[in-house]
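# Commentary on secondary and tertiary structure
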Amino acid sequence: AFALLVCPMAARAGFIPSDLPGLQIWLDAGDPNNTGTPPAPGTPIGTWKDKSGAGHDLVQGWGDPNRYPTYQSTGIGGKPVVRFDGNDFLAGTNYDSNNPFTIFAVANMEGTQNNRLITSYNINWLMGYWGNWEGVLHADSWITDPGNANGNTFSPSNTTPYLYSASNTGGPSYAFYKNGADIT
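Below is a summary of the structure that appears in this document. (Residues numbered from 1 in each chain as written. Predicted model: local features only at pLDDT ≥ 70, side-chain atom pairs only at ≥ 80, totals over all residues. Heavy atoms only, no water.)

## A few points about the nonpolar core
Ranked by size, the top nonpolar core spans 19 residues in total, and within it Trp125, Met127 and Leu137 carry the most contacts. Only strand 6 (101–109), strand 8 (125–130), strand 9 (133–139), strand 11 (162–168) and strand 12 (174–178) provide two or more residues apiece to this core. Counting residues per element, this core draws most heavily on strand 6, at 5 residues. Look past the residues within four positions of Leu137 in its chain and what remains in contact with it is Trp125, Leu126, Met127, Trp142, Ile143, Thr144, Ala166, Tyr174, Ala175 and Phe176. Listed in part, the 9 residues of the second largest apolar core include Leu27, Ile45, Trp48 and Tyr71. (Core = buried A, V, L, I, M, F, W, Y, C linked by side-chain atoms within 4.5 Å. Buried < 20%, exposed > 50% of the residue type's maximum accessible area, 1.4 Å probe, protein only. Helix = DSSP H or I, 4+ residues; strand = E, 2+ residues; numbered from the N terminus. Contact = heavy atoms within 4.5 Å.)

## Considering unusual backbone geometry
With phi around 55 degrees, Asn34 is a residue other than glycine that occupies positive phi space. Mapped onto the elements of the fold, Asn34 is located in the loop between strand 1 (2–5) and strand 2 (47–48). We classify Asn34 as partly exposed; its relative accessible area is 37%. Despite not being glycine, Asn179 has its phi angle at roughly 55 degrees, a positive value. Note on placement: Asn179 falls in the loop between strand 12 and strand 13 (181–182). Given the relative accessible area of 47%, Asn179 is considered partly exposed.

If you want it as structure tokens, here you go:
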């Protein structure tokens, strides 16, 4: 299982992601339905609503409730999370990874299944975990080398949370960070 925490404390810190010019997606683990009220712990999340206003929701495209992640009120650092059990899946459908972007996610693995942390339905794009590796980025081709033990870490069961960041300045120029260290 892994948990994804994206900006649940932003407003309390005096910073709101929607203040960023050009914001394309804001996933708030404390408010995954974008209603201003957190769901009950254990609630399945079939759509994680984008709070940026751009309509880039993450969806479970198969409509299989057995593959929905669940809302948990306490997770990483005692903050709310959307918990994925390794079989769960949400993806974006309407963005172009060749446009300039920066994406952040806080996640930790708590088991042996380690599928994609962030991915897309319409392009071959993934970030985070893949094929028993953590700290990988693929954007139609490998940005990091999952077979290079110097750049990536094999993922045994590990409860350490990591901050992942991926950015693209436009075109095929990417940078990928794990806890602030460039692992591109």
